[in-house]
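Residue-level structure breakdown
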Amino acid sequence: MDLTYSEKYRALQGEVRAFIARHGHLSPQPGGGRQKPSPKALDWQRLLLEHGLFARNIPKEYGGFGLPLDVLELAIIAEEIGKADAYPGILNQGISMLVPTLLEVGTKEQCTRWIAPTIRGEVIWCQGYSEPGSGSDLAAARTSAVVEDGQFVINGQKIWTSSAHYSDMMFLLCRTEPDKPKHQGLSYLLVPMTAPGIEVRPLVTMTGRATFNETFFTNVRVPVDQIVMGRGDGWHVANVTLKYERLLLGDANRLSTRLTRIRELMERTSLDGQRIMDIPEYRNRLLRLQGEVMAAKYHGLRLLTEQARAEDSGLERLIVKYHGTLLGYRLSSLAVDVLGAAGLAYDAGDEAAETDEATAWHIDNMYDIGLMIGGGSTNIQKNIIGERGLGLPREPKAVASLTRT
Amino acid sequence: MEFGLSEEQKQLEASLRGFLTDRLPMQRRRAIAAAGKGHDRELWAGLVAQGIAGLSVPERHGGAGLGILDAAVAAESLGYHATPAPFAASLVMAPLAFVASGTEAQQQEWLPKIAAGEARIAVGFASPIGQTGAAKATLDGQRLSGRVQSVLDGGGATHVLIYLADGRPALVALDAEGVRATLVPGLDRTRPLLDVTFEGAQATVLSAANDPIAARTRVLDAGRVMLAADTLGAAQAMLDQAVAYAKERVQFGRVIGSFQGVKHTLADLATMLEPCRALIWFAAHAQDALPDEARLAALQAKAHLDDVGREVARLATEVHGGMGFTDLAGLHYWFKRIDSNRQLLGTPERCRHEAAIVQGWVSG
């Protein structure tokens with residue numbers, strides 16, 4: 001156990017600090033992510049890329065910095081940028097999910113064509129996975145693509161396509177081999193959102209905001225080479241992508257920041273004239289959550305070390321999404337309770353959502369439920385933890401005559 | 001930066017686990033618990049040969065001079081096997097107390113005996129550290145009088161170390177005149193507590209610490225981390241047993257682990273418990289190397305493991321169905337151990353209250 005950084009890492013720490021001292025004033029505000037990146041964000045992104053503070057481990061030929069993966073370096077960069085409250089760079093589904101997927105299973109041509117513009121923030125992607133009839137049972141997707149004249153012709157509907165309304169491209173899971181068993185009949189296509197026949201309709205969530213969409217496909221045509229791996233490999237590719245999404249959703253740094261904000265809130269909020277922090281019942285809730293956030297934080301460091309040592313993390317990694325999203329929800333629930341009756345004024349409009357503290361906490365609290373559902377719901381996570389982590393047997397298949405695919 | 005156990009620590013764990021798997025099958029644990037002494041000569045000799053007695057004793061006094069993290073690794077293994085032997089107090093708190101508060105001569109006299117497994121020193125508190133029951137002892141010259149309950153590691157103890165209200169520890173031989181020590185047949189039969197009454201008993205006071213209260217706090221926090229690590233091991237053992245049972249028990253023509261009601265319960269327990277390991281490592285490491293974070297980490301680790309331990313203990317028992325409720329299955333040894341750890345050296349409520357004070361969230 002050694003929580004200090006060696007010379008090499010302290011040097012990087014100094015480098016990042018120097019970068020921020022010199023360029024920090026150019027950083028856009030952290031947060032956002034509901035619109036296309038602003039010109040300011042794109043410029044900042046370029047600076048980060050030039051200095052190896054973003055896409056550090058992506059090969060140079062694809063627009064990255066080309067260094068070998070060193071998770072501690074990434075942790076230091078994130079820590080320093082976070083401390084300076086600067087913008088860590090554009091984080092979207094294309095960058096965090098599609099790019100690692102292409103690097104793992106894409107062709108050289110696909111990597112060359114898509115990775116550089118994606119990490120520069122010039123091409124925005126959305127994810128076309130879930131359908132009204134296939135959520136947790138993702139492999140039951142029915143959106144179809146048939147080959148006609150050297151093109152896939154796509155028909156069907158996707159749902160929960162966040163950011164589809166301003167995306168340039170979609171990575172789409174669809175059925176190309178209807179005669180094969182369900183997991184072997186899927187393909188993973190890259191579809192331009194400008195293609196004729198695509199219609200995006202906003203989907204208003206329980207928060208009152210339209211962060212999601214429904215996307216409809218009517219005879220949408222894409223060239224047959226816009227496929228990742230081969231026909232029938234879609235399930236494999238989709239799982240590569242999901243692995244990256246689940247790690248994204250259980251971030252412990254976010255939980256620590258949230259805990260600090262709630263502590264401050266409790267110190268400055270009064271209940272019947274008494275500081276809420278002085279009321280033992282509220283304080284005890286905060287203290288309980290602090291213990292859990294500490295566990296999550298050090299668990300994250302443990303995973304980081306295991307990754308650096310190239311050890312297999314198994315169960316430790318499988319629990320992260322469920323653990324982190326549930327804890328996030330319990331934290332925002334405490335914040336909502338501290339705000340109390342005075343926090344019930346609610347305005348889901350864009351400006352209030354960014355600036356009004358009570359609205360923002362209520363939105364977070366509801367959005368946290370969305371996070372528990374999205375990216376593999378809590379119940380699915382428990383199946384995965386039980387089956388892959390603890391080695392428990394799968395549920396027997398339902399009797400064939402009762403199932404329909 | 002390395003957040004994890006070293007090769008040596010992994011080896012210590014593997015060796016201790018191997019020894020206990022081999023030497024402490026259920027019928028041995030049951031027999032030692034039934035004898036009610038909390039001490040078994042043969043098991044103890046084996047543990048001493050494993051090196052646990054000298055773990056926290058400095059090298060110059062005949063020990064291995066290892067840190068709190070190493071001790072936590074050992075405590076977790078001992079908890080995993082619900083080991084009927086003293087550890088947290090006798091082999092971690094007591095040697096730390098001598099190092100923190102003893103004179104050089106006192107260290108030279110006692111630490112080698114601890115490392116050799118000859119002096120087994122139970123530890124109790126006559127000061128407000130978060131316990132119910134009698135906790136009063138006063139010193140008149142070198143004579144100690146009063147009564148202290150819930151003295152840890154009573155099994156096979158030769159001496160008792162009582163922390164006085166001013167933060168100084170006083171060492172008393174259990175066979176000295178004016179000492180009446182009762183080994184309490186308690187909930188946890190693997191580690192009985194002592195109830196000790198002193199009537200002018202001859203005591204050796206350890207007065208060398210510059211700040212006796214701070215020295216006592218370090219020993220107390222180390223003890224809290226040990227109990228939390230013991231709970232981590234015990235809870236992991238219960239979860240492992242529940243998972244194994246769910247894979248073999250058949251009802252309705254299926255193994256019960258294939259039912260989501262059972263599978264999800266076990267997944268919940270694993271999700272709760274797994275991050276606790278990193279919390280224990282951090283809390284133990286903080287005692288060794290991070291003085292600014294040591295107090296909060298010890299208090300939160302104790303409180304959190306007490307709560308997670310209780311939940312794991314309940315649900316792992318439930319997964320076993322009726323068998324879990326029997327004496328025969330033996331799960332209760334771990335259940336009781338987890339509950340005892342919770343009540344000792346400060347309950348979660350008490351530890352969190354102190355954590356709020358330590359952080360300046362409220363005034364003491």
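It should be emphasised that the depicted structure is a prediction, and the values quoted were computed from it without experimental measurement.

Helix and strand content of chain A: 13 helices and 10 strands. By the compact-globule yardstick of 22 Å for 405 residues, chain A fits well, its C-alpha radius of gyration being 22 Å. Per-residue burial over chain A gives 37% buried out of 405 residues. Across chain A, the fraction of contacts at a sequence separation of at least 24, relative to all contacts at a separation of at least 6, is 70%.

Per the secondary structure count, chain B includes 11 helices and 10 strands. Here the C-alpha radius of gyration of chain B, 20 Å, is about what a compact globule of 364 residues would show, namely 21 Å. Expressed as a percentage of its 364 residues, the buried residues of chain B come to 57%. The long-range share in chain B, meaning contacts at least 24 apart out of those at least 6 apart in sequence, stands at 75%.

Residues and elements named next belong to chain B. Across the sheet, which stays open at both edges, the four strands sit in the order E2-E3-E7-E6 with antiparallel pairing between neighbours. The sheet is open, and its two borders are formed by strand E2 (135–140) and strand E6 (179–184), each paired with just one other strand. Each adjacent strand pair in this sheet contributes to an overall mean axis angle of 5 degrees, direction not counted. Bridge count for E6 against strand E7 (residues 193–202) is six bridges, and the pairing is antiparallel. By the bridge assignment for E7, Val184 is matched with Leu193.

Another point: the domain arrangement of chain B. It is common to give the size of an interface as the accessible area lost on bringing the parts into contact. Residues and elements named next belong to chain B. Per the domain assignment, the segments making up chain B are domain 1 (7–115), domain 2 (121–205) and domain 3 (212–358). Once you take the C-alpha centre of each, domain 1 and domain 3 turn out to be 20 Å apart. Taken together, the 25 residues of domain 1 in the interface contact 27 residues of domain 3. For the side of domain 1 that touches domain 3, the elements supplying multiple residues, two or more each, are helix H2 (26–35), helix H4 (68–80) and helix H5 (88–101). Per-element accounting of the side of domain 1 that touches domain 3 gives the leading share, 10 residues, to H4. Across the side of domain 1 that touches domain 3, the residue classes tally to 18 nonpolar, four polar and three charged.

What follows is about helix H13 (residues 378–389) of chain A. Think of an α-helix as 3.6 residues a turn; residues three or four steps apart then line up on the same face. Those residues of H13 of chain A that fall on the buried side of the exposure criterion are Thr378, Gln381, Lys382, Asn383, Ile385, Gly386 and Gly389 of chain A. In the core, the buried residues of H13 of chain A are packed alongside helix H9 (315–318), helix H10 (320–339) and helix H12 (357–373) of chain A together with helix H8 (260–289) of chain B. The first or second residue beyond H13 of chain A is Gly391 of chain A, which carries a positive phi of 75 degrees.

All names here are of chain A. The terminal C-alpha atoms of helix H5 (residues 108–119) lie 16 Å apart, and with 12 residues this matches the ideal 16 Å at 1.5 Å per residue to within 8%. Buried within H5 are the following residues: Gln110, Trp114, Ile115, Thr118 and Ile119. Buried positions in H5, seen along its axis, are confined to an arc of 110 degrees and lie on one side of it. Of the residues in H5, the exposed ones pointing more than 90 degrees away from the buried face are Lys108 and Glu109. Positive phi appears at Gly121, one or two residues downstream of H5, with a value of about 85 degrees.

Moving on, we get to the domain arrangement of chain A. Residue and element names in this part refer to chain A. Once the domains are mapped, chain A shows domain 1 (7–91), domain 2 (125–232) and domain 3 (250–389). Measuring from the centre of the C-alpha atoms in domain 1 to the corresponding centre in domain 3 gives 25 Å. The partner domain 3 presents four residues to the four residues of domain 1 that form the contact. Class assignment of the residues belonging to the side of domain 1 that touches domain 3 gives a composition of three nonpolar, one polar and no charged.

All names here are of chain B. With respect to burial, strand E1 (residues 121–125) is a largely interior element, five of its five residues being buried. Alternating residues of E1 divide into Ile121, Val123 and Phe125 and Ala122 and Gly124, and every residue in both groups is buried. Bridge count between E1 and strand E4 (residues 159–163): five bridges; the pairing is parallel. Each residue of the ladder has a partner; that of Phe125, found in E4, is Tyr163.

Here the focus is the interface of chain B and chain A. Each side of the interface is counted separately: chain B has 36 residues, and chain A has 41 residues. Secondary-structure elements contributing two or more residues to the side of chain B that touches chain A are helix H7 (212–248), strand E10 (254–255), H8, helix H9 (291–319) and helix H11 (348–358) of chain B. The residue makeup of the side of chain B that touches chain A, split by class, is 20 nonpolar, nine polar and seven charged.

In this section: the sheet that holds E1 of chain B. Residues and elements named next belong to chain B. Strand order in this open sheet of four strands is E1-E4-E5-E8, and the pairing throughout is mixed. Looking at which strands have only one partner, the edges of the open sheet turn out to be E1 and strand E8 (204–205). Two elements, E4 and strand E5 (residues 169–173), share five bridges in a ladder whose sense is antiparallel. When the sheet's bridge partners are listed, Tyr163 is paired in E5 with Pro169. Together, E1, E4 and E5 form the strand contacts of H5, whose direction differs from that of E1 by roughly 75 degrees.

Turning our eyes to something else, we now look at the packing of helix H8 (residues 280–308) of chain A against H11 of chain B. Axis separation between H8 of chain A and H11 of chain B bottoms out at 10 Å; the angle between their running directions is 90 degrees. As judged from the angle between their axes, H8 of chain A and H11 of chain B are roughly perpendicular. Across from Arg283, Asn284 and Leu287 of chain A in H8 of chain A, the residues of H11 of chain B making contact are Arg352, Ala355 and Ala356 of chain B. Taken together, the residues of the contact of H8 of chain A with H11 of chain B break down into three nonpolar, one polar and two charged.

We note that Ala310 of chain A has phi near 60 degrees; this positive angle belongs to a residue other than glycine. For Ala310 of chain A, the position within the fold is in the loop between H8 and H9. Of note in this structure, Ser150 of chain B is not a glycine but carries a positive phi near 55 degrees. Locating Ser150 of chain B in the fold gives a position in strand E3 (residues 143–151). On the basis of neighbour count, Ser150 of chain B is assigned to the buried category, with 22 C-beta atoms found within 10 Å.

A word on the environment of Gly51 of chain B. Residues and elements named next belong to chain B. Mapping Gly51 onto the fold places it in the loop between helix H3 (41–50) and H4. Exposure remark for Gly51: the 16 C-beta atoms within 10 Å place this residue in the partly exposed category. In sequence terms Gly51 and Gln202 are 151 residues apart; their C-alpha atoms lie 31 Å from each other.

Cut-off values and rules
- Residues numbered from 1 in each chain as written.
- Chains lettered and ligands numbered in written order.
- Predicted model: local features only at pLDDT ≥ 70, side-chain atom pairs only at ≥ 80, totals over all residues.
- Helix = DSSP H or I, 4+ residues; strand = E, 2+ residues; numbered from the N terminus.
- Rg over C-alpha atoms; globule rule 2.2 N^0.38 Å.
- Buried ≥ 20, exposed ≤ 12 C-beta atoms within 10 Å, placed from the backbone.
- Contact = placed C-beta atoms within 7 Å.
- Pairing = 2+ DSSP bridges.
- Axes fitted to C-alpha atoms, helices over the stretch in contact; angles between N-to-C directions.
- Domains from an automatic or database assignment.
- Nonpolar A, V, L, I, M, F, W, Y, C, P; charged D, E, K, R; others polar.
- Expected span 1.5 Å × (residues − 1).
- Arc of directions from axis to C-beta.
- Parallel < 35°, antiparallel > 145°, perpendicular 65-115°, else oblique.

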